[in-house]
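What the coordinates show
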Amino acid sequence: MMNTLLWNLISAVPGFTYIDAFFKDFIKNILKTGPIPNHISFVMDGNRRFAKTWNLPLKEGHRRGADALMNVLQCCIDLGVKNMTVYAFSIENFNRPQPEIDTIFDLLVSKLAYISEDNEFCDTQKLRIKIIGDRSLIPERILQDIQRIEAKTSSHKDHTLFIAFPYTSRDDITHSVRQIVSKVKDGQLKVDQIDENQIEKNFYYEGEAGKVDILVRTSGHTRLSDYMLWQCHQDSVIEFPNTLWPDYQFYSTWWTIFKWSYYKTLQLQDAEVMQIKKLSPEEIDRRYQHHPTYQKPITEFTHPPYASVVKK
Ligand code: FPP
């Protein structure tokens, strides 16, 4: 709370917006010189606690959450992240009071309609929107809007925003198994063709996006809540920042990606060194001779004469 108050105070200083924009561009450009994750995923947790902390109506907490998502999205897109997934509504969330469910659904549709149809954000950023989840649970009026938005953005190739809605990983895995079994029954697939690729192709993702590089769950809760259980792999980084989602904005996103990029660089350097160790001196010479700091490998080592045996 103190941090937010301090930030609001600093933001009110004249000229702040200009300096802030300049600084953001500067640090984004630094980050772009290193590796950038292909797929980053967010559990947007803490909207209700945010509303409670600031004595706001619950609806306002979710509205601020949706605004924070736009900020985070812009940061990821500017850095060149190709795939982003957000946990917008878990199947478990159907247990919430109906007015809250309606608020989240209406907010989701209105925000997506705004960025895809009204302010042309999706067109300028070449952003596609795809829903992953059990569509049979989505009310008809919402589903129609969502399908219209998906169709409108379907040709965009640079970035994709996957919206997990209504979603749980266990449901996704079950759905994939069901699809595979029915394909085997129809003779479209043989049992020995079932592999990891097939399982992924039959997820709601339909084989897109691949593994997740960074998974962020805000608000300090350290649970996965049935999310990205398959997509997290041996190199995925899971972050649990102690920030409520509406407060998780540009700088938090930048910092998360910066840490990932730094460790990825170290990992890549390490892998390169290990690779070099396996190469012959001739191959090393061929690959690295134009590198500015390259020194020819010492293939034949003869010790310089010992002082004691040097003839005077
Ligand atoms: C979790 O916080 C948040 C949600 C269940 C809803 C998130 C949905 C949005 C922000 C709208 C999505 C909009 C688009 C465009 C995808 P919580 O309510 O569980 O908060 P708490 O942890 O404080 O209880």
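The following paragraphs examine the structure supplied in this document. Just so we're clear, the structure is a prediction, and the values are computed from it rather than from any experiment. (Residues numbered from 1 in each chain as written. Predicted model: local features only at pLDDT ≥ 70, side-chain atom pairs only at ≥ 80, totals over all residues. Heavy atoms only, no water.)

This brings us to the sheet that holds strand S3 (residues 127-132). Strand order in this open sheet of six strands is S3-S4-S2-S1-S5-S6, and the pairing throughout is parallel. Looking at strand neighbours, the two that pair on one side only are S3 and strand S6 (232-239), the edges of this open sheet. Direction aside, neighbouring strands of the sheet carry axes that sit 20° apart on average. The pairing of strand S2 (residues 83-87) with strand S4 (residues 159-164) spans five bridges and is parallel. Note on S4: the bridge partner recorded for Val 86 is Ile 163. On the sheet, helix H4 (residues 58-79) packs against strand S1 (39-43), S2, S3 and S4 and is oriented at approximately 160° with respect to S2. (Pairing = 2+ DSSP bridges. Helix = DSSP H or I, 4+ residues; strand = E, 2+ residues; numbered from the N terminus. Axes fitted to C-alpha atoms, helices over the stretch in contact; angles between N-to-C directions. Contact = heavy atoms within 4.5 Å.)

This part covers the pattern of salt bridges. Under the counting rule described, the total for this entry stands at 22 salt bridges. For the salt bridge of Arg 141 with Asp 106, the shortest nitrogen-to-oxygen distance reads 3.3 Å. Taken together, the residues span a long stretch of sequence, with Arg 141 in helix H7 (residues 140-153) and Asp 106 in helix H5 (residues 98-118) at a distance of 35 residues. According to the relative accessible area criterion, Arg 141 is partly exposed, its value standing at 47%. Judged by its relative accessible area of 36%, Asp 106 falls in the partly exposed class. A network of salt bridges, in which partner residues are shared, links Glu 60, Arg 63, Arg 64, Asp 67 and Lys 111. (Salt bridge = Lys/Arg side-chain N within 4 Å of Asp/Glu carboxyl O. Buried < 20%, exposed > 50% of the residue type's maximum accessible area, 1.4 Å probe, protein only.)

Another point: the site of the ligand. Around the ligand, the structure places 17 residues, and the nearest of them are Met 44, Asp 45, Arg 48, Arg 49 and Arg 96. Between an oxygen atom of the ligand and a side-chain N or O atom of Asp 45, the distance comes to 2.6 Å. Residue Gly 46 places a main-chain N or O atom 3.4 Å away from an oxygen atom belonging to the ligand. Considering the ligand on its own, with 630 Å² of exposed area, one finds that the protein chains cover 94% of that surface. Of all elements in the fold, only helix H3 (47-53), H4 and H5 reach the threshold of two or more residues within the shell around the ligand. (Near = heavy atom within 4 Å. Polar contact = N/O pair within 3.5 Å; in protein donor to acceptor, adjacent residues only side chain to side chain. Areas by Shrake-Rupley, 256 points an atom, 1.4 Å probe, with all protein chains shown as cover.)

Moving on, we come to the state of the cysteines. In total, this model carries zero disulfides according to the counting rule given. In this structure Cys 76 is a free cysteine whose sulfur lies 5.6 Å from that of Cys 75, the closest cysteine sulfur available. Assessed through its relative accessible area of 1%, Cys 76 is described here as buried. Not part of a disulfide, Cys 232 finds its nearest cysteine sulfur in Cys 76, a span of 16 Å. (Disulfide = S-S within 2.5 Å.)

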